[in-house]
Structures are given as C-alpha cells and as structure tokens.
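The residues making up each chain are set out below.
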Amino acid sequence: MKNHRSHAAAERAAVLAIVGKHGAACRKDAARGAKYCARVWDFAKSGAKAFAEFCAKQYVPPGKARVQLLRRLDEISNIAGGSFGVIAKTTRRGQDMADLPLTPAEELFSAFSPGTHLQEDLRAFQIAALAQLNFGTDDLTPPATREAWAARRLSLLGRTVVPAELLAESARKSTEVDRFVTGFNIHLDKIEYAGGRFDFPKDTVRISHWGLRDFMTSLNGKPGALPAQRAIRDLMRRVVDGEIPREIVDNPKARWKQADGVVVENGRAKKPAYTGALRWEKFKQVYDVQRRIDPYTLGGNIIDNKFKYEREVSEEKITGILTDVLSSPVAARVARYVEGRLGRPIEPHDIYFKGFQAGAKKAPLGYDIRKRYPDAKALTAAIPGILERLGFSKARAKWIGSKIRVDNSRSAGHAWGPATDFDIQLLRVRVDKEGINEEEFSTYMHELGHCVEGVLTSYELDFKALWGVPNTAFTEGFAFTFQDKADFILGRKTTSNADVVTLQRFWEAYEIAGPALTEIRFFHWLYKHPKASAQEMHRAIRTIGDEVWAEFYARIFGNEGYGLMSVYSHMLWCSFYLADYPMGYVIAYQVRKYLRDKNLAEEMQRMCALGCIYPEQWMRAAVGQPIGVEPLLKDAAAACARLKL
C-alpha cells in the first residue's frame, strides 16, 4: 500500500512536469502515460524524482512527433526481437532439418535461447518505460488508423518481464519435447500384429500421431485396407494408453511381436518396457515451467493468456463454435455420405476420412511425383510456378518465391515466418530419400499457404508491429485453402461437386473440434489439480477425451473411441494450440466462400495487408462478416438436403 501511494505521488509529479513543459492540453494523456510508465519503472533503482524527470523529458505529445517516435520504436523492437528469431533458426537447424546430422551438440544448440534477457533489457535501458509513457493502454476498442493499430501493438512492449532463467528453462524443456515428438517414429513393417499379418511396404515409418493418422486414411480403397487400418488405429490407441514398447520407437532393428508380448532385437527376445505416462512426463516438464511463468504474464494463467491475449477471441465464443459444430445434426447426415463412399459401416477412425470427392480412391498421376520433386531444393524451385497457377502474376510469384526456402524436416512439417526484413520464410516438410510422396505433398501445400501468408503479412506492411495475422487460426485458414489445391497443382483432374466439398469442410472441422475441446477441458483440469503427477495427467487426458467422445461422437461411431480424442501430439508442447485448427477451418470456410467468384491471389494479398489487427475487425474487413460457424452449418445442411442425406 505504501508503494502504491508513493507511485501515485510520483505519477502526479510526473504529470505536473509534463504539463509544465507541454501545456495543460496534454494533461489527460500525460496522466495515462505516467500511469503505464510507472508500471514498468524500477523505483528501487531510480526514485520518484528520476521518474518525473524521465517522463518530462521523454513524453511526446500526440501528433507528427509521436508518429515519428512510433516508427522508431516499431523499427527497433522488430530488429531487437526479430534478430533473436533469426538466431533461433540457425541454432535449431540440426534439430529441425533431417538432412543434417543429429549430434549430441544439437541438443545444446537447439535449446540455446539468447533472447531470454530481451524483456529485462528493454526495462533496464528504459525502452519499455518510453513505450509505456507514450503508447501504454489497456483500451481494447478497435483503433481507427494504421498508426493507432501499430501503437496498440507496441503498447504491450515491456508490459511483462518473465525472469530470463525461466524463459531459458522453458526453451530447454520445449526442445526436449521437440526431440521426443519428432523422434516418436514407428516402423509399421517391423511389427507382427496381434490381429493378423499386414505386409506394409519395407521401411514404412510414420511419426505419431499425424503420420499414423494420414497413412491410415490413405489406405482407403486399397485391398485389405480395413484390417490394416484397425491395426494402425490400435497403435494410436496404444500411444494414448502408453502401451508402445520404448524399444521400437525410432528403431528399425527391433521387431515387436504383439501376440507374444515381446520385442526381438539382435536375435534376442525380451519383455518390452512400455512408454506408460512418458508422453505426459515430457509435457509436465514444460507445463511446470509455464506455471512458474504464469505470475509474470498479463493473464496470470495459460488459458487466459491464450484466449485473451493471443487469440483475442473469448473462450466462450470459441467453445461455443466447437460445441455448435460437434452438436450439429448435420454430422450424422455427413456420416451417411462417408459410409456410402467407403461401402461399409463407419468406424471410429473414419473421423479422419478425406476422400469426399472421389470416394476412397484417387486417379493415379501420369508421372512419378518423387522424380518431379526429389528433394527440398526442387520444392523450393517449384514455388513460383505453383503461385502462378494460383493466379499470382509472374513477377509477384517470383518475388514471393524468393522469400521462401524449403527444408527437409524431421517432423511432419511446419512453417516459420520471417522475423526481420533480412530474414527468410522457412517451409519444413518431410521428403523421403526417393522424393516427396502425395501425403507429404499435401502437407507441403498446407505449409506453402502458411508461407505465402507469412511473406505477404511481413516485408511490405506499413508497420512491423502489425506483421502477421491476428492469430494462428487465420494462418491455418490460408494453409487449408492452399492444401485444397494440391490435386490441381499435381495435375490430377477432379470434378468437384460443390455440395460434396461443403460436406468435407464440415467434416474437417468436426474431426478436430473434439480434440480441441478435449485440450481446453484438460487445461481447466490442470489448473484445478495443480499438483497432478504425470501419471494422473496421463489418466485425465484419456478420461476427458473419452467424455468428449461419448458426448459428441458415440452417437455416430459407437461408444469405443480408442483414445482418438487424446492422441494429438500437439498437446505435448503445452502450447494450447488445438482450437486454432477448427477455428482455422471455420475462418477458412468464410474466406473460401467469399473467394468463390473472386481472384485468390488478389484477394489474399488484400487480406494479408490488414496485418495482425484484432480478429473480428480483420474478418469484417476481409470478408464483410464477423467470425462465425453459421455459414458452414447452414450450407452443410443445405448440401445434405440436395444430396438426399
């Protein structure tokens, strides 16, 4: 209380000093600035007198001079923070890129996070105080000008300072999760399945979970697909339940005999050591650090930080959209369509069904895709041509392509945007030794959507503080739009039925909405059980996932969900990310619908030029309506009626 009174007195003194220098007209704004500056001022090191002197000297009244300061802060904050992003791309290369040796040294390099002291330095050098004095605010009313939007983003500069040792520890633990997830590869051809013999091609290796999921789905329409799919589904269930032998993970020399309950390696059979709660031991290491970081954040906890300050869309709205999708009667009608395509009763793993347009089969390509795209270099070179086919001018496609580099990824794929003007957009995708396959090309197109967005929302924007899109759901929207074009780019002739496409859009959101809701409920469980062990987390995520399955999916797929709601590896990073996927589908549907009779390239460039303003304002400016699932549900119901489902 004493500190509060002393700070209030310091603020009053600062306002008097500012008014004395700049006049009474700035009193209200000076009071605002002094209040926010005091929040980041170190009164223990520099007292009230120094505070008032600083405010009088560094306060800039609204007008041209303040805009000039805004641009300088914009430039400096970008180069300071962005340079650490550039460094991270270099230090993590061995961890992220499959073409480089994964030596023990890479564990140290990838965890190296020199930017952990940045926020402390911004305060130590009084840059944070400068930003708060002139731009600090808690106002959430959408600004009216681009300068005001940039000021709104810079108003967060220096507001929170997480101790550097916690940030460094978080980086180390996240790197451990990276290694765990990217290394959780299962050799499907090295397993003797309890349910029968499946002759998977030699060296069929898939990462958990998404590699297993996508490979399982790709088997539709092939001889013996269902028994093999059930076997892979059981592997996914075993991942969730911790029943995968540690000896077979990322190990081509071990053979797992499921029926005998043994692992054979170098001619010796032994009882396996199962993974158990290992996934959640990895998660807990990151989560425990995040809980220690919580008190230093604006929201005070991961949930509020994610919804209020990252997504900038309320939890109520997002969970409402998820439950609207999951509860929709359209789901049962679309499931009947899936059964018709498959020619059999629907099963739980069919939640991942993709083949809406051509049933369970796709016409073969007239060429060898692996030879056309043998490596990451070929995929990089292909980008300008792909963009031209999507409607970008030759010059524009060449320029965008010059800003993107494709790397062979250890993980399934990701995009990493430019952090500064001199940085480059990275596209990471797995490329087999023989070249890319169709599964991977689909991922490549998805990541290319992220990358084109990353280029268009950075280098040319008027303010660097506005680089990017409002939140990750929006970049997923562009990524899904590009992924839709994979067959077109490959030259596969398709006759798209607009109604069937709408069903697919619904099914995509319906599939991932359940895991997203599971993750949301799981994080609420975590905060209600702050001392939970990894084993308790392991049981809780299965229980919560089963509850979501029973509530929303059992009516269609049956009571046994095989842990599919809890299998997503994304959860392990503690990034609270999954809801961005269904939100991305919802946003992408609204964007796609808007673009149906418009030029993709022109409209994407217009939309991306908006930058990271608030989500609702972005959507209204981009497509003329707020974020909502109603267009998708309404159109899906109408499509079902026309298809007599």
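Going by the structure above, here's the rest.
Position numbers for residues count from 1 along each chain, tracking the sequence in the order it is written. Two thresholds apply to this predicted model, a pLDDT of at least 70 for residue-level local features and 80 or more for giving and counting side-chain atom pairs, whereas whole-chain, interface and lining totals are computed over all residues. Only hydrogens and water are set aside; all other atoms, that is, all heavy atoms of the structure, feed into the side-chain values.

## Topic: the pattern of salt bridges
So, step 1. The rule for a salt bridge is simple: a side-chain nitrogen of Lys or Arg has to be within 4 Å of a carboxyl oxygen of Asp or Glu. The final tally for this structure, using the stated rule, is 49 salt bridges.
So, step 2. Taking the shortest distance from any N to any O, the salt bridge between D484 and R592 comes out at 2.6 Å. One end of the pair, D484, is in the loop between α21 (472-483) and α22 (486-490); the other, R592, is in helix α26 (residues 580-595), and 108 residues separate them in sequence.
So, step 3. With a shortest N-O distance of 2.5 Å, D487 and R492 are connected by a salt bridge. Across the pair, R492 and D487 agree in class, each one buried. Helix and strand labels come from DSSP, where a helix needs a run of H or I of at least four residues and a strand needs a run of E of at least two; each type is numbered from the N terminus. Partly exposed describes any residue whose relative accessible area lies between the buried limit of under 20% and the exposed limit of over 50%, with all areas from a 1.4 Å probe on protein chains only and scaled to the type maximum.

## Comments concerning the packing of helix α15 (residues 315-327) against helix α23 (residues 498-528)
So, step 1. Note on geometry: axes are lines fitted to C-alpha atoms, helical ones only across the stretch in contact, with angles between N-to-C directions running from 0 to 180 degrees. Two elements in contact, α15 and α23, have axes separated by 8 Å at closest approach and are oriented at 135°. It follows that α15 is oblique to α23 by the angle criterion. Between α15 and α23 the crossing geometry is left-handed. Of the residues in α23, those in contact with E315, T319, L322, T323, V325 and L326 of α15 are F506, A509, Y510, A513, G514, A516, L517, I520 and H524.
So, step 2. Gly is put with the polar residues, along with every residue not named as nonpolar or charged; the nonpolar set is Ala, Val, Leu, Ile, Met, Phe, Trp, Tyr, Cys and Pro, and the charged set is Asp, Glu, Lys and Arg. Here the contact of α15 with α23 is built from residues that sort into ten nonpolar, four polar and one charged. Angle categories are assigned with fixed cut-offs, so that under 35 degrees is roughly parallel, over 145 is roughly antiparallel, 65 to 115 is roughly perpendicular, and the rest are oblique. Take the far helix as your reference; a near helix turned counterclockwise from it by less than a right angle gives a left-handed crossing, and one turned clockwise gives a right-handed crossing. By definition in these notes, contact holds between two residues if any of their heavy atoms fall within 4.5 Å.

## Remarks on the packing of helix α13 (residues 278-293) against helix α24 (residues 534-552)
So, step 1. At a closest axis distance of 9 Å, the pairing of α13 and α24 adopts a crossing angle of 110°. Relative to α24, the element α13 is oriented roughly perpendicular. By crossing handedness, the relation of α13 to α24 is classed as right-handed. The residues of α24 that touch α13, namely those facing W280, E281, F283, K284 and Y287, are A534, M537, H538 and I541.
So, step 2. Broken down by class, the residue content of the contact of α13 with α24 amounts to six nonpolar, one polar and two charged.

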